[in-house]
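# Structure at a glance
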There are 2 protein chains.
Amino acid sequence: MFSHQVRKYIRSFHLQKYRQKYNKFIAEGPKIAGEILSSEDCKIVDVVCTSDWFETHRQDMSHKHINVHIVNEKELKSVSGLKTPHSVLLLCEQMPVLRKEDIMSSAWSLYCCDLQDPGNLGTIIRTADWFGVKNIMLSPHSCNFYNPKVIQSSMGSFLRVRVGTFVMSDLDPLKLNFIALALDGLPIHNLGPQDAGVIVLGNESSGLDKDLLQKMTHRVSIPARGQAESLNVAVACGIALDRLVGYPA
Amino acid sequence: MFSHQVRKYIRSFHLQKYRQKYNKFIAEGPKIAGEILSSEDCKIVDVVCTSDWFETHRQDMSHKHINVHIVNEKELKSVSGLKTPHSVLLLCEQMPVLRKEDIMSSAWSLYCCDLQDPGNLGTIIRTADWFGVKNIMLSPHSCNFYNPKVIQSSMGSFLRVRVGTFVMSDLDPLKLNFIALALDGLPIHNLGPQDAGVIVLGNESSGLDKDLLQKMTHRVSIPARGQAESLNVAVACGIALDRLVGYPA
């Protein structure tokens, strides 16, 4: 029985208001569901799935306390945010947030300043995970980490990072190596790999504001050779991680 | 008068079938429209716009042969592919295609093998433009260059590249420096900047096939330090361009 009440409850988590109120979030599709099931760090509360999906995964769920709702395609579509829902939707508890101690005890962190596009944030998380960077700081006006599009486009990498919201001025006392990506900085290949730092990414359209730029240890640019106005922020982040984090010899 | 017939005609170009048949494509929004208006290389056939947009741009259009349709918001929405249409939609003629001669006379080209996601292709075009790479080759099963989502996410860069469809075996006789991005290649920073070449990008989920990999001059990888399964293809393309194309000293 997939009641109207349960349906309404689950659907509410497409909105940030309810995600925040109940500290939960939605993840969809068999690939992400598989990754969450095998992760130690993410607690599943509800599973809405087809009977086929349930049969192949009941073993993995047997030792966990999960409310399982077996539904048909139409019922799944009624709670899904995807155009074409795929066999399973999970409702999970939000994971522990990133703390200042985590930042102090890790070599690298990212700081995303007023990042708006959830697809870009998801891709940034996936890219950070590729380079082994676990700490993602968001400014208060950035898009929400648990936005389903962020979860979807991070391709499971959201499970391996810690995310927290920070005002830049709270970080000042930490005396970190802040490296901003800006349009008028030192060519990034001239700075070269660093031992540790915080890579600061600006908003896609407005960039970083002047006050913030003045607090940076370094300001670097990816030199343009063509005529494009800007790089996509996730692409710029990838180039920065590749150049700055460096590789074991 | 915005007749049903005109509406139907314009709307048909959201489909590849009609784009191909009439050699035209759609571009939307004031930013892209502005770039197309000031470009020499892209011929506008029809403009569907609000009266406000028309008033501020009539000068720019006065010396061109353009059919102008002044419409209200609702009529604009009826031909738009965007959730929130913005004041203007253009119907343009497709631009000249990339030829083998262009490839032979340029240092760098990209080859996208079975790339499916139009947003990724648009971001790749924008990134290529940033690094001054003008030649984009697509394999026959890649998504279509004139897909409105490609045009939209290329942020105007589509105007500054040349695109053509090529079967890889047609390129064999050209004896180019083919550099494939693969998961098991030489670390990309060990290869270093090259004088010229074709950067070959694989499909997001299946990568590049074995036969194709054997034709490559180099096979390079972006070494993973974390646990992500893969990088987004546009991010990987950005890192490759940054490492391989190099910068003037």
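Residues numbered from 1 in each chain as written. Chains lettered and ligands numbered in written order. Predicted model: local features only at pLDDT ≥ 70, side-chain atom pairs only at ≥ 80, totals over all residues. Heavy atoms only, no water.

### With respect to the overall build of chain A
The test is simple: Each helix corresponds to a stretch of at least 4 residues labelled H or I by DSSP, and each strand to a stretch of at least 2 residues labelled E; elements are numbered beginning at the N terminus. For a compact globule the rule gives 2.2 Å times the number of residues to the power 0.38, and the radius of gyration it is set against comes from C-alpha atoms. Under the scheme applied here, a residue whose accessible area is under 20% of the maximum for its type counts as buried, over 50% as exposed, and between as partly exposed, the area being computed with a 1.4 Å probe on protein chains only. Two residues qualify as a contact provided that any one of their heavy atoms is within 4.5 Å of a heavy atom in the partner residue. Per-residue and other accessible areas were derived by the Shrake-Rupley procedure at a 1.4 Å probe size, with only the shown protein chains allowed to occlude residues. By the counting rule applied here, Lys and Arg register as positive and Asp and Glu as negative, while His and the ends of each chain are not counted. To locate a charge, take atom NZ for lysine, CZ for arginine, CG for aspartate or CD for glutamate.
Counting its secondary structure elements, chain A contains 12 helices and 10 strands. In terms of C-alpha radius of gyration, chain A reaches 20 Å, essentially the compact-globule figure of 18 Å for 249 residues. Among the 249 residues that make up chain A, the fraction classed as buried is 55%. Expressed as a percentage of contacts within chain A between residues at least 6 apart in sequence, the contacts between residues at least 24 apart total 75%. Put simply, chain A shows about 11,800 Å² of open surface, and 51% of that area lies on carbon and sulfur atoms. Computing the positive centroid from 27 side-chain charges and the negative centroid from 25, chain A places the two 4 Å apart.

### Some thoughts on the side chain of Ser-78 of chain A
Residues and elements named next belong to chain A. Just so we agree on the cut-off: Pairing of N or O atoms within 3.5 Å defines a polar contact, subject to two protein rules: one partner must be a possible hydrogen donor and the other a possible acceptor, and residues neighboring in sequence count only if both atoms are side-chain atoms.
By secondary structure assignment, the location of Ser-78 is in helix H5 (residues 73-79). Assessed through its relative accessible area of 18%, Ser-78 is described here as buried. At a separation of 2.5 Å, a polar atom in the side chain of Ser-78 contacts the main-chain carbonyl oxygen of Glu-75. In contact with Ser-78, other than residues within four places in its own chain, are Phe-2, Arg-7 and Arg-11.

### Description of the interface of chain B and chain A
Counted only if it meets this: In this description, buried area is defined as the sum, over both parts, of the accessible area (probe of 1.4 Å) that is lost when the two are combined. Here a salt bridge means any side-chain nitrogen of Lys or Arg lying within 4 Å of a carboxyl oxygen belonging to Asp or Glu. Residues are grouped as follows: Ala, Val, Leu, Ile, Met, Phe, Trp, Tyr, Cys and Pro are nonpolar; Asp, Glu, Lys and Arg are charged; every other residue, Gly included, is polar.
Contacts between chain B and chain A engage 35 residues on the former and 35 residues on the latter. Between chain B and chain A, roughly 3,300 Å² of surface is buried when both sides are summed, and carbon and sulfur atoms account for 57% of that area. The tally of links between chain B and chain A comes to 4 salt bridges. A salt bridge links Arg-243 of chain B to Asp-242 of chain A; the shortest N-O distance between them is 2.7 Å. Taken together, the connections running from chain B to chain A amount to 22 residue pairs in polar contact (both at pLDDT 80 or more). Counting only elements with at least two residues in the side of chain B that touches chain A, the list comes to helix H3 (30-37), helix H7 (118-130) and helix H12 (233-244) of chain B. With 6 residues, the top contributor of residues to the side of chain B that touches chain A is H12 of chain B. When grouped by side-chain class, the residues that make up the side of chain B that touches chain A number 14 nonpolar, 11 polar and 10 charged.

### Describing the nonpolar core
Here is the rule we go by: Grouping buried Ala, Val, Leu, Ile, Met, Phe, Trp, Tyr and Cys residues that are joined through side-chain atoms within 4.5 Å yields what is termed a nonpolar core.
Counting 122 residues, the largest nonpolar core has Ile-36, Phe-145 and Ile-222 of chain A together with Ile-36, Phe-145 and Ile-222 of chain B as its most contacted members. In contact with Ile-222 of chain A, other than residues within four places in its own chain, are Leu-181, Ile-188, Leu-231, Ala-236 and Ile-239 of chain A together with Trp-130, Phe-131 and Tyr-247 of chain B.

### Overview of the pairing of strand S4 (residues 88-93) of chain B
Residues and elements named next belong to chain B. Our working rule: The rule for pairing is simple: two strands pair if DSSP sees at least two bridges between them.
Most of S4 is tucked away, with 5 of its 6 residues classed as buried. Here strand S1 (residues 24-28) runs beside S4; their pairing, made up of 5 bridges, is antiparallel. Across the sheet, Ala-27 pairs through a bridge with Leu-90, a residue of S4. Of the strand pairs in this sheet, strand S2 (residues 44-49) and S4 are connected by 5 bridges, and their pairing is antiparallel.

### Quick word on helix H12 (residues 233-244) of chain A
Residues and elements named next belong to chain A. To be explicit about the condition: Helix span, expected: 1.5 Å multiplied by one less than the number of residues in the helix.
Compared with the 16 Å implied by 1.5 Å per residue over 12 residues, the 16 Å span of H12 between its first and last C-alpha is a close match. For H12, the buried fraction is high: 12 of the 12 residues fall into the buried class. For H12, the full list of buried residues reads Val-233, Ala-234, Val-235, Ala-236, Cys-237, Gly-238, Ile-239, Ala-240, Leu-241, Asp-242, Arg-243 and Leu-244. Where H12 begins, one side-chain oxygen reaches toward the backbone nitrogen of Ala-234, 2.8 Å away; that side chain belongs to Asn-232. Positive phi appears at Gly-246, one or two residues downstream of H12, with a value of about 75°.

### Remarks on the relation of the copies chain B and chain A
Defined as follows: Superposition of the copies was done by least squares, using only C-alpha atoms of residues whose pLDDT is at least 70 in both.
Between the two copies, chain B and chain A, the superposition gives an RMSD of 0.0 Å; the rotation angle is 180° and the shift along the axis is 0.0 Å. Taken together, the rotation angle and the small translation identify this as a two-fold axis. Residue by residue, 100% of the interface of chain B is reproduced at the interface of chain A, so both copies engage with the same surface.

### Notes on the sheet that holds S1 of chain B
All names here are of chain B. The condition that has to hold: A fitted line through C-alpha atoms represents every axis, and for helices the fit uses only the stretch in contact; the resulting angles, taken between N-to-C directions, go from 0 to 180 degrees.
Reading across the sheet, the 4 strands line up as S1-S4-S2-S3 and stay open at both edges, with mixed pairing between neighbours. Two strands in the sheet have a free side with no partner beyond their single neighbour: S1 and strand S3 (67-70). Strand after strand, the sheet turns through a mean of 15° between neighbouring axes, direction not considered. Both S2 and S3 contribute to a ladder of 4 bridges, which runs parallel. Residue Val-47 lies in a different strand from S3, and its bridge partner there is Val-68. Lying over the sheet, H3 contacts S1, S2 and S4, oriented at roughly 40° with respect to S4.

### A few points about the environment of Phe-25 of chain B
Residue and element names in this part refer to chain B. By the secondary structure assignment, Phe-25 is in strand S1. For Phe-25, a relative accessible area of 0% corresponds to the buried category. Sequence separation of Phe-25 and Glu-35 is 10 residues, and the distance between their C-alpha atoms is 15 Å. Those residues within four positions of Phe-25 in sequence are excluded, and the remaining contacts are Arg-19, Cys-42, Leu-90, Leu-91, Cys-92, Glu-93, Gln-94, Tyr-146, Ile-151 and Phe-158.

### Overview of the environment of Val-71 of chain B
All names here are of chain B. Here Val-71 lies in the loop between S3 and helix H5 (73-79). Distance in space between the C-alpha atoms of Val-71 and Val-47 is 10 Å, their sequence separation being 24 residues. Contact partners of Val-71, with chain neighbours within four places excluded, come to Phe-2, Val-48, Cys-49, Thr-50, Ser-51 and Leu-76.

### Concerning the packing of H3 of chain B against helix H4 (residues 51-61) of chain B
Packed helices, taken two at a time, are described by their axes: the angle between them and the distance between them. All names here are of chain B. Inclusion rule: Any angle that falls under 35 degrees is termed roughly parallel, while one over 145 is termed roughly antiparallel, one within 65 to 115 roughly perpendicular, and all others oblique. Throughout, a crossing is termed right-handed when the near helix is turned clockwise from the far one, and left-handed when it is turned anticlockwise from it by less than a right angle.
As a packed pair, H3 and H4 sit with axes 11 Å apart at the nearest point and diverge in direction by 15°. When the axis of H3 is compared with that of H4, the two are roughly parallel. Where H3 crosses over H4, the handedness of that crossing is left-handed. Contacts from Pro-30, Ala-33 and Leu-37 of H3 reach H4 at Trp-53, His-57, Asp-60 and Met-61. Looking at the contact of H3 with H4 residue by residue, the classes come out as 5 nonpolar, 1 polar and 1 charged.

### Observations regarding the packing of aromatic side chains
Residues and elements named next belong to chain A. The condition is simple: Stacked, edge-to-face and tilted are the three classes for Phe, Tyr and Trp ring pairs, Trp counted by its six-membered ring, which pair at centre distances within 6.5 Å; planes under 30 degrees apart are stacked, over 60 edge-to-face, the rest tilted.
Under the definition given, this model contains 12 aromatic pairs over all chains. Ring centres of Tyr-9 and Phe-13 lie 5.1 Å apart, and the angle between their planes is 85°; on these two criteria the pair is classed as edge-to-face. With relative accessibility at 31%, the residue Tyr-9 sits in the partly exposed group. Overall, Phe-13 belongs to the buried group, its relative accessible area being 0%. Through a chain of ring-to-ring contacts, three or more aromatic side chains come together here, namely Phe-25, Phe-145, Tyr-146 and Phe-158.

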